[in-house]
Structures are given as structure tokens and as C-alpha cells.
Amino acid sequence: MTAAKSQSRIAIVGAGFSGMAAAIRLLQAGQENIVIYEKADDVGGTWHHNRYPGLCCDTPAKAYVYSFEPTANWSSLYPKRDEIHDYCRFVAEKYGLIPRIRFGQEICRAEYDGSGHWQLETRQGLKDTADVVIMATGVLHHPYYPDITGMDTFAGATVHTACWDDDLDLSGKRVGVIGTGATAVQLVPAIVDQVGTLTVFQRSAQWISPSGNKNTPQERRDMLRRNPELMFDEYHRVMEKIETLVEGLRTMEDQFYRDLRDACQAHLETITDPELRRKMTPGYDPGCKRLIFADKFYPAIQKENADVVIDAIQQIEPAGIRTADGALHELDVLILATGYRMHDYMRPMGITGADGLALDHVWEKGAFAHRGMTVPGFPNMFMLVGPNSPLTNYPVIAVAEIQMEYLMQLIQPVLDGRYASVCATPAATEKFNKDLVEATANTVWTTGCDSYYINDAGIPNVWPWSIDEFKASMQAPELSEYLYERPAGLSAEVTVQKQLQTGTTGLRERG
Ligand code: NAP
């Protein structure tokens, strides 16, 4: 590596789990000139912003860590938000990330200048020039506010779970919760005993597997602390189990899947009232939506003061929610557990690539990327956990780590000065996305449910192959898929436009 290029400036956007993974890996490789832009005033991303009652990890926490930094601190199999946030802080401090983070700085504009540099600007007015930009913005940061008539007319308090108001007093109140995803399933048991009445408005029922959560005794934690190799063993053992789960759900084929389905069904049958059980029975196969692991939701909705309404929401009125059957459900507080705009990724950031190409334009019909990380026409810009990365029940931390190993190899020729820029070729991106669309055809995500896995064009926005195939594909970049300099005379706009017209990028198939 030449002395000059070891000074390549690398900007990482986001100090959540994936941005921290990127920074740590770059520092390990001797890249010191890195900066992390973070819109919040702390690390942790979604684990910083989310603080609704009941929030905990719904992935076994032994595997919800960096592979190189397991911890003995988890108080249970699925620890609460504060423990996970503390872990983020601990890692950020241990690996020297804090001084490199520009807190309270939200990148709002990123423009490629055509010669291997990105001009960056934050909403707060900071400017920077970077050789490489890594977008580590995650998918759980734009709360989704449903477009329901009369939303603004509600006379009580309205709160989205992603923007929880710590001062909100629910004691004795008539509380409505819209949504029954992973968030609502954690929230409802946490508040049901505090509120006066709790009405859950459910559009679709969810499959919920028992989680088997239990506390980890202090003696066990002390023992693990004394034997770090056991923590690593546990990490790998739990990751293997998660991979079996993800694979079982994806293919719906083996005995594992049948057993899981039986476990979800048996769990559902713990609802004693047949009418409530009927309401809570999904009309699709487990795994079509992200499978939820939770023990306390079914007991909570069977409490005296709880009710589940499945009539469609017609409108919101000052006094509450009116459903399609004409009933008015009077409420003091309305909680939106309606999830996120997952497919926005780093937007609304204004991103302009080569020759003035706007990312908004390229993604008009849906976000796509080459191998989840790069978009033709946007040299030296990479995403972690971007479109079609493995999401489902596989920990995003592992995804980011695996992608980072690949990325390090991809950008090395740029970092050591042999090339000004690297970008996926349109042809490789087209082939990858075409194969992807074909591979999603017979997977669990297309078996008859609507979920956030499905993008605007109706195509599952997930990794459709096995996790083993994901890891294999991330072993080393196939260099023929990348352009280490822009082809002379052919603008990125023309290239992408051509693909849009011929329908050969996967964009047409998506749109
Ligand atoms: P979600 O899974 O997208 O669920 C949103 C819920 O809101 C769904 O039940 C949806 O109904 C409902 N909804 C949306 N718009 C509606 C409308 N107009 N009328 C009625 N209902 C409406 O969101 P989430 O529960 O926040 O979970 C999102 C993801 O966050 C999870 O899948 C998971 O990846 C992550 N998460 C992780 C943890 C963790 O511990 N690690 C915890 C919580 C969340 P439909 O099902 O009919 O669309």
C-alpha cells in the first residue's frame, strides 16, 4: 500500500450495528482516515431510537453480537433493549469508534464528482469529501405512518413505537394498538396490565413460535466470563441453529419446518376462546412474513381488559377508531406499531452518481443493487444490508460482517491507489437481479401473504438462496462483475436507461 493512498478517506453513514462493523474492519486493516456520520446523539441505530415498553431482542442474543466480540453479559436468551444498547456502546468504546463519529450529523446530500470522490453534506451544514462511502443506514429507521383517513383528527395522544414518548402515561387509559408485527407482540404484554383497556387492531394474523425465553443465572454468566472460548462456541452453535431455521423457513421442505409449524400451531391453540383463536389464525404459511418468537402475546390478548379487532379500520375520528362494521372504538391513546418504510434504505438522502445520475431515478421502480451492495453508476458507494441482503430471521450483524469482508477485497485496489473507483457493471447487476427474481419464484415469501419482504413491484426483496450460498458468494469478488474505471464515452445514465428500456436489469421484472 502506498503512503499516499493509505490516507483514502472513507465515510460511513450510520453508527448502528452495520456501520460499526464497517469501521472496526477498516481500522483493523489499517485504514485510519475514516469518519462515521450519525444523525443521532449516540451509537446503536435502531436500538438507540427504539425504546417502547417490552422492547427486547427477538433473535437469540448469543448470536446477536459481533462474531469477534461475544459477551457474557446477557441476562436472558432474549435480553431487553438497554442491554443491547449497552453492548453497542461497549463495542464502540472498546474499538475506538467514538472519537471518529460525528454525532448529530445527518448526511442529506452525496454527490459523485466524476473523479473518484464523493462530496458529502449534512443537514446541519457540515461538508466533507470522501473517496469511498459506505451506507450503513439499515432498514429500521423510517417509521411507517399508515395513510388512514382522519389520522390527524384524533383527540388523544398518538405515538409511533419507533418514536416512543417516555412521558406518555398509559395508566388506566383506553389504549388502541394498530399492528400485530414483532413490535406489537412485544409491546402488548408489557402494557396490558397498566392500561385500562387495550384494543389491538389486527389486519393480518401472525405466526408466533414460542421463544422459550429464560434468564441466564449470574453463575453461568460469571463462568462464561472466565471462559471466553465457551462464548465463541456458543456463538457458533446458536448461529448454526439460526441458519437451520432460516433454511427451513425458506424451503419449507424438511422435518424441521414441519416441526416448527406444529410448534406454532400448538402455541396458537393455547388461546382457549375458539373465536379469538380463529381471529389469530394466519391464512398463510409460517415464514411468509418474518416469523415471530414470543411467549407472552397470546396470554396478554386473553386478559379481561384486552380485545382484538379484525374488522378493517375505516377511519380515525376524534374519539377513536371507526371500523368497517360501523363500530366506534373509543380511545385515549393510539399506538402505531405499524413498522418501517423498509425499502427506502438511505433515502431521502439526495444521492447523485456519475454524470448527474440520481439514485431516486434509478430506484424509481424499486431499490436494487448488485449483490446487495453496489449500484451501477454510483462508483465507490456501497451499502451494507442493502436490497436483497439476507434479512428474514438471520442477524443483520452477521450479514454486515460477511459483506464487509467482501467489500474490503473489492475496494482494496482503490484504497491502495491502483484505481480511482470501482462499481458493479450494468451487465453483472442485470444478471444478478434476473437470477434473483427467478429464484424468489418458489419460496415461502410468495406463498400468499403481504409483507415488508415484498417490494413495491411485488418481488421479495430478500436473499432467495441459502445462507451457505450467501457466504460462498461473499468469499471473494468476481472481478469481471466490476468496473475499476468508468468506461469512456458511455455515461452511466445511458447505460441504466438502456437497461430500463430493454427490460433486462431486473428493474423491468420488478416494475
Ligand atoms: P411490521 O412487521 O412491518 O408490522 C407492522 C404491523 O402493522 C403489521 O401487523 C401490519 O399489518 C400493520 N399495519 C400496517 N399498516 C396498517 C394499516 N394501515 N392498518 C392496519 N394495520 C396496519 O413492523 P414491526 O412489528 O415494527 O416489525 C418490523 C421489524 O422490526 C421486524 O420484523 C423485525 O425485523 C424488527 N424488530 C426486531 C425486534 C427485535 O427484537 N430484534 C423487535 C421488533 C421489531 P399487515 O401484517 O397486515 O401488513
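The coordinates are above.
The notes below deal with the structure included here. In this text, all values refer to a predicted model and were calculated from it rather than measured experimentally. (Residues numbered from 1 in each chain as written. Predicted model: local features only at pLDDT ≥ 70, side-chain atom pairs only at ≥ 80, totals over all residues. Heavy atoms only, no water.)

**Some thoughts on the overall build of the chain**
- Scanning the chain from terminus to terminus reveals 15 helices and 21 strands.
- Computed over its C-alpha atoms, the radius of gyration of the chain comes to 23 Å, within 12% of the 24 Å expected for a compact globule of 511 residues.
- Projected onto its principal axes, the C-alpha coordinates of the chain cover approximately 70 × 60 × 50 Å.
- Within the chain, the proportion of its 511 residues that are buried is 56%.
- In the chain, which carries 48 positive and 66 negative side-chain charges, the distance between the mean positions of the two groups comes to 2 Å. (Helix = DSSP H or I, 4+ residues; strand = E, 2+ residues; numbered from the N terminus. Rg over C-alpha atoms; globule rule 2.2 N^0.38 Å. Buried < 20%, exposed > 50% of the residue type's maximum accessible area, 1.4 Å probe, protein only. Lys, Arg positive; Asp, Glu negative; His and termini not counted. Charge placed at Lys NZ, Arg CZ, Asp CG, Glu CD.)

**Details of the pattern of salt bridges**
- Counted under the stated rule, the structure contains 28 salt bridges.
- Its salt-bridge partner being E481, residue R371 comes within 2.9 Å of it at the nearest N-O pair. Taken together, the residues span a long stretch of sequence, with R371 in the loop between α10 (359-362) and β19 (381-383) and E481 in the loop between α13 (467-473) and β21 (482-483) at a distance of 110 residues. Both residues of the pair, R371 and E481, belong to the buried class. (Salt bridge = Lys/Arg side-chain N within 4 Å of Asp/Glu carboxyl O.)

**Describing helix α1 (residues 17-28)**
- Counted at 1.5 Å a residue, the expected span for α1 with its 12 residues is 16 Å, and the 17 Å between its end C-alpha atoms agrees.
- Burial of α1 is extensive: 10 of the 12 residues sit out of reach of the surface.
- All of the buried residues in α1 are F17, S18, G19, M20, A21, A22, A23, I24, L26 and L27.
- Just beyond α1, the residue with positive phi is G30, at close to 85 degrees. (Expected span 1.5 Å × (residues − 1).)

**Thoughts on unusual backbone geometry**
- Residue R347 is joined to P348 through a cis peptide bond whose omega torsion reads 15 degrees.
- Structurally, P348 is set in the loop between β17 (333-336) and β18 (350-352).
- In this model, N380 sits at a positive phi of 60 degrees, which is unusual for a non-glycine residue.
- Note on placement: N380 falls in the loop between α10 and β19.
- For V385, which is not glycine, the phi torsion reads 55 degrees and is therefore positive.
- Its location among the elements puts V385 in the loop between β19 and α11 (396-415).

**Some remarks on the site of the ligand**
- Around the ligand sit 26 residues in total, of which C56, T183, S204, K289 and Y452 are the nearest.
- Between T183 and the ligand, the recorded distance is 2.6 Å, taken from a side-chain N or O atom to an oxygen atom.
- Considering the ligand on its own, with 920 Å² of exposed area, one finds that the protein chains cover 87% of that surface.
- The element contributing the most residues to the shell around the ligand is helix α4 (residues 182-191), with 3 residues.
- Among the residues forming the shell around the ligand, the class breakdown is 13 nonpolar, 9 polar and 4 charged. (Near = heavy atom within 4 Å. Polar contact = N/O pair within 3.5 Å; in protein donor to acceptor, adjacent residues only side chain to side chain. Areas by Shrake-Rupley, 256 points an atom, 1.4 Å probe, with all protein chains shown as cover. Nonpolar A, V, L, I, M, F, W, Y, C, P; charged D, E, K, R; others polar.)

**A word on the state of the cysteines**
- Applying the stated criterion to the full structure yields 1 disulfide.
- C288 shares a disulfide with C449; S-S distance 2.2 Å. Where C288 bonds to C449 through sulfur, the torsion about that S-S bond is close to -100 degrees, and the disulfide is left-handed. You can see C288 sitting in the loop between α8 (274-279) and β12 (292-293) and its partner C449 sitting in the loop between α12 (426-439) and α13, a full 161 residues away along the chain. With respect to burial, C288 and C449 carry one shared label: buried.
- Of the cysteine sulfurs around C264, a residue in no disulfide, the closest is that of C288, at 13 Å. (Disulfide = S-S within 2.5 Å.)

**Observations concerning the pairing of strand β5 (residues 118-122)**
- Burial along β5 is one-sided: the residues W118, L120 and T122 are buried and none of Q119 and E121 is.
- With 5 bridges connecting them, strand β4 (residues 107-112) and β5 associate as antiparallel partners. Of the residues in β5, the one forming a bridge with A110 is L120.
- When β5 meets strand β6 (residues 127-130), the two strands line up antiparallel, connected through 4 bridges. Directly across from E121, in β6, lies its bridge partner K127.
- Connecting β5 to the antiparallel partner β6 that follows it, the hairpin turn spans 4 residues, and G125 within it adopts a positive phi of roughly 105 degrees. (Pairing = 2+ DSSP bridges.)

**Brief notes about the environment of Y345**
- As for its position among the elements, Y345 is in the loop between β17 and β18.
- Along the primary structure Y345 and A63 are separated by 282 residues, whereas in three dimensions their C-alpha atoms are 24 Å apart.
- With near-sequence residues (within four places) excluded, Y345 lies in contact with T137, G138, V139, H141, H142, W363, A367, V385, G386, P387, N388 and N461. (Contact = heavy atoms within 4.5 Å.)

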